[in-house]
Each structure stands twice: as C-alpha cells, then as structure tokens.
Amino acid sequence: MTRRAAILGTGSALPKRRVPNAELAAQVDTSDEWIVERTGIRFRYIAGEDETTASLATDAARVALAAAGLEPRDIDLIVLATATPDQTFPSSATKVQAALGIPDCVAFDVAAVCSGFLYAVSVAESMIRARSAETALVIGAETFSRILDWEDRATCVLFGDGAGAIVLGAEESDRGVLATRLHADGSHNELLYVDGGPSTTGTVGKLRMKGREVFRHAVVNLAAVMNEALDAAGLTPAEVDWVVPHQANARILDATAKKLGLPPEKVVVTVDQHANTSAASVPLALDTAVRDGRIKAGDVVVLEAMGGGFTWGASVLRF
Ligand code: UT7
C-alpha cells in the first residue's frame with residue numbers, strides 16, 4: 001500500500017445574497033439572454049459587508065470537518081487558495097486557523113487565481129506524502145465581487161463569491177490523490193490581471209480580462225493537462241467517472257469534455273448557480289456533487305482549472 005492523501009470530507013459556503021442575471025441587467029448594458037447563451041450563468045452569490053473570504057472559508061471548513069467526523073484540533077495544516085484575501089497579510093489561512101480555534105498548525109495561502117485550489121491540493125498532498133502533515137484543510141475561497149469593475153459588463157456578470165473546502169488525510173490505501181500536474185506561463189499577464197497591488201499602485205485594483213483570448217487558451221490547456229494527469233495516474237479518459245472543472249463558462253466545459261471524448265453527463269456543472277468563483281469553484285462543485293450523491297466512494301474524479309497567470313492544472317483522485 002502507498003501513503004496517499006485521501007479526501008475525508010467536503011464542505012462549502014455561499015454568501016446570503018443570491019443575484020440573478022436580471023438584477024445586473026438593471027445596472028449595466030447586458031441581458032439575461034446574453035449571459036445565459038454565452039456563459040451558462042444564471043445566478044451568482046455576492047458577499048455582504050459581514051461576509052469575507054476568511055469567514056466564508058471558515059464556514060466551508062466547518063462543514064468539511066463535520067463531514068469528515070473530525071475536530072479542528074485534528075488539523076495540522078491549512079492551505080487556502082485565494083486571490084482576494086481579507087488583508088494583504090497575514091494570510092487568510094491564519095484567520096481561518098484562529099476562527100476555528102486551532103492553537104498550532106501550519107497555515108498559509110497560495111496564489112494561483114482560478115487554479116489556486118489545484119495548486120493548494122498539490123502542496124497539501126505533497127506535504128502529507130512527505131510526512132510533514134497528517135490531516136490538512138485545503139480551501140478555495142474568494143470574494144471576487146470586491147475586485148470587479150461594476151461598470152464593465154464584459155467582466156462583472158461573470159464572477160461570484162463563495163468557498164469550498166476538503167479535508168485531506170494520510171492513509172495507506174489505494175484511494176486519494178493519484179496524480180497532479182500543474183503549469184504556469186507568465187507571459188500572458190495582460191490577458192487576465194488585476195490593475196493594482198500593494199507594491200505597484202498601493203491600491204487593490206480591479207479585474208481586467210480579454211475573455212475571448214482566455215477562452216481559446218483554456219480549452220487547449222485544460223484538455224492537455226487532463227490527459228497528462230490521467231497518463232501519470234495510469235488511467236484513460238474512459239475510466240473517469242466524474243470531471244469537476246473550474247466553472248468559468250459552460251461552453252469551455254462542453255468544449256473540453258468533447259476534446260477528451262467524455263460525455264457531458266460526467267461533467268459536474270455549477271456555473272449556472274455560482275458563476276465563476278475563481279479558486280472556490282472546483283471545491284464548491286465537488287461538494288455539490290458529493291452531497292447530491294453523484295460522486296461516490298471508489299469513483300475516479302478529475303479536478304481541473306485554468307486562470308490568471310496563466311496557471312492551469314489537473315488532479316486525478318479516487319474518491
Ligand atoms: O476564470 C478564469 C478563466 N476565465 C475564463 O475562462 C473566461 C473565458 N472567456 C469567456 O468565458 C468568454 O470569452 C466571455 C464570456 C468572457 C465572452 O464571451 P465571447 O463569446 O467570447 O464574447 P466576446 O468577448 O467576443 O464579445 C461578444 C460581444 C461583444 O460585442 P461586439 O464587439 O461583438 O459588438 C461584446 O461587447 O458581446 C459583447 N458583450 C456583452 N454583451 C452583453 C460582452 N459582454 C457583454 C455582456 N452583455 N455582459
């Protein structure tokens with residue numbers, strides 16, 4: 001048996017306020033028809049003043065801990081993926097640690113934007129396999145509504161807020177993370193970025209995106225990295241039970257599945273309900289499909305994501 005990081009529990013949390021397309025159409029020059037046809041998005045959740053990346057992350061972590069049957073004190077590692085932390089520092093992971101009342105553990109954030117959760121899973125899984133950790137909380141949490149230009153119809157309709165979490169635990173077993181492949185290509189900064197930061201403008205900045213170009217790269221890169229991760233796990237696309245993709249655009253999900261020859265029924269889609277929640281979207285979709293009974297013990301699941309950087313990655317696991 002091999003030492004692996006198995007998923008012991010999943011959880012998620014959404015802000016209280018759900019915003020339908022029609023509400024945005026009253027603010028910017030857009031329509032429910034355009035948004036649904038081009039993206040598949042119908043709703044997104046927007047954080048209120050009392051809701052932050054760390055508070056949503058903490059709520060999601062509590063649900064994942066309950067699903068795993070564990071207490072906060074059982075956690076010795078927190079890796080939180082976000083591009084919208086509560087503060088520039090300290091990390092939102094340490095805020096989650098404090099909120100959960102964990103007196104001592106390793107806690108840090110990773111920044112890989114929409115691929116952040118894949119990067120976080122890879123780091124936590126590697127630390128577990130290296131015996132630097134036994135039980136980890138891996139969280140993707142975002143409040144992208146705070147960095148949107150609410151006058152730019154080409155971006156503000158696409159994103160939402162939320163958090164998803166998993167508990168990874170060391171096990172000598174054949175379930176757990178089987179293989180992960182990550183990539184980055186920093187030459188595409190100008191296609192998807194935030195026009196501010198502590199070291200440049202001294203401001204938080206707003207999200208800017210050339211959507212059509214990002215779309216083109218996404219389909220090519222995602223299909224390639226999924227094949228790479230499946231190869232590394234010694235599996236074929238035909239052996240995949242579920243794909244849990246980053247939820248940016250329903251058309252990207254369709255095109256990527258088609259490239260791999262996967263039927264659309266095997267793809268978990270939540271973009272209609274949550275919109276693009278960046279690092280939160282994969283764990284939010286995973287939790288949705290675990291809770292509604294689609295993903296079951298023993299299933300082969302592929303997680304995949306692509307985002308700003310560019311960064312992209314895929315992870316193959318046996319649930
Ligand atoms: O999470 C990180 C990864 N991000 C992504 O994967 C996003 C990838 N990109 C996309 O999902 C799509 O490219 C978008 C949804 C962003 C845009 O869809 P598109 O089919 O590529 O549209 P487009 O940008 O080519 O724009 C088509 C038209 C334009 O008008 P003209 O120039 O043809 O007259 C836009 O101005 O649609 C217009 N448009 C809108 N119209 C109504 C752009 N946004 C809107 C809007 N409502 N919200």
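Here the structure is a predicted model, which is why all the values come from computation and not from measurement.

A.B. asks: Help me get a handle on the packing of helix α7 (residues 211–233) against helix α8 (residues 250–260), residues and values and all.
C.D. replies: The N-to-C vectors of α7 and α8 enclose an angle of 40°; their axes lie 9 Å apart at closest approach. When the interaxial angle is binned, α7 and α8 end up oblique. As for how α7 packs across α8, the hand of that crossing is right-handed. Contacts between α7 and α8 involve Phe215, Ala218, Val219, Leu222, Ala223, Met226 and Asn227 from the first element and Arg251, Ile252, Ala255, Thr256, Lys259 and Leu260 from the second. Across the contact of α7 with α8, the residue classes tally to nine nonpolar, two polar and two charged.

A.B. asks: Tell me about the nonpolar core, residues and numbers included.
C.D. replies: One broad trend across soluble globular proteins is that nonpolar side chains are buried collectively. With 32 residues, the main nonpolar core has Val138, Leu168, Val244, Val301 and Leu303 as its most contacted residues. Residue assignment for this core shows that the elements contributing at least two residues are β1 (3–13), β4 (77–81), α5 (116–129), β6 (135–143), β7 (161–172), β11 (242–245), α10 (281–291) and β12 (300–307). Contact partners of Val138, with chain neighbours within four places excluded, come to Val79, Phe117, Ala120, Val121, Ala124, Gly164, Ala165, Ile166 and Leu168. One finds Leu192, Met226, Leu230 and Leu262 within the second-largest nonpolar core, a separate group that totals 26 residues.

A.B. asks: Lay out the site of the ligand in plain terms, naming residues and giving numbers.
C.D. replies: Close to the ligand lie 23 residues, the nearest being Thr30, Arg38, Arg212, Asn249 and Asn276. Gly211 is positioned such that a nitrogen or oxygen atom in its backbone is 2.9 Å from a nitrogen atom of the ligand. Elements with a contribution of two residues or more to the shell around the ligand: α2 (32–39), α6 (153–156), α7 and α8. If you tally residues by element for the shell around the ligand, the top one is α7, at four residues. Looking at the shell around the ligand residue by residue, the classes come out as twelve nonpolar, six polar and five charged. Shared between two domains, the shell around the ligand holds at least three residues of each, these being domain 1 (3–173) and domain 2 (177–318).

A.B. asks: Help me get a handle on the side chain of Ser173, residues and values and all.
C.D. replies: Within the secondary structure layout, Ser173 lies in the loop between β7 and β8 (176–184). Engagement of the side chain of Ser173 in a polar contact is seen with the side chain of Glu171, the distance being 3.0 Å. Beyond its immediate sequence surroundings of up to four residues, Ser173 is in contact with Met1, Thr2 and Arg4.

A.B. asks: Give a detailed account of the domain arrangement of the chain, specifying residues and quantitative values.
C.D. replies: Each domain of the chain was delimited in the assignment, giving domain 1 (3–173) and domain 2 (177–318). Distance from the C-alpha centre of domain 1 to the C-alpha centre of domain 2: 14 Å. Across the interface of domain 1 and domain 2, roughly 3,800 Å² is buried in total on both sides, 63% from carbon and sulfur atoms. For domain 1, the biggest contributors to the area lost against domain 2 are Cys114, Leu118 and Ile147; these three give 17% of the whole. The tally of links between domain 1 and domain 2 comes to one salt bridge. For Asp149, the salt bridge identified is with Arg208, shortest N-O distance 2.9 Å. The tally of links from domain 1 across to domain 2 stands at 22 residue pairs in polar contact (both at pLDDT 80 or more). At the level of secondary structure, the elements contributing two or more residues to the side of domain 1 that touches domain 2 comprise β1, α2, β3 (43–46), α3 (53–68), α5, β6 and β7. Looking at the side of domain 1 that touches domain 2, its residues break down into 26 nonpolar, 15 polar and twelve charged.

Each value, and the rule that gives it
- Residues numbered from 1 in each chain as written.
- Predicted model: local features only at pLDDT ≥ 70, side-chain atom pairs only at ≥ 80, totals over all residues.
- Heavy atoms only, no water.
- Axes fitted to C-alpha atoms, helices over the stretch in contact; angles between N-to-C directions.
- Helix = DSSP H or I, 4+ residues; strand = E, 2+ residues; numbered from the N terminus.
- Parallel < 35°, antiparallel > 145°, perpendicular 65-115°, else oblique.
- Left-handed = near helix turned anticlockwise from the far one by under 90°.
- Contact = heavy atoms within 4.5 Å.
- Nonpolar A, V, L, I, M, F, W, Y, C, P; charged D, E, K, R; others polar.
- Core = buried A, V, L, I, M, F, W, Y, C linked by side-chain atoms within 4.5 Å.
- Buried < 20%, exposed > 50% of the residue type's maximum accessible area, 1.4 Å probe, protein only.
- Near = heavy atom within 4 Å.
- Polar contact = N/O pair within 3.5 Å; in protein donor to acceptor, adjacent residues only side chain to side chain.
- Domains from an automatic or database assignment.
- Buried area = accessible area lost by both parts, 1.4 Å probe.
- Salt bridge = Lys/Arg side-chain N within 4 Å of Asp/Glu carboxyl O.

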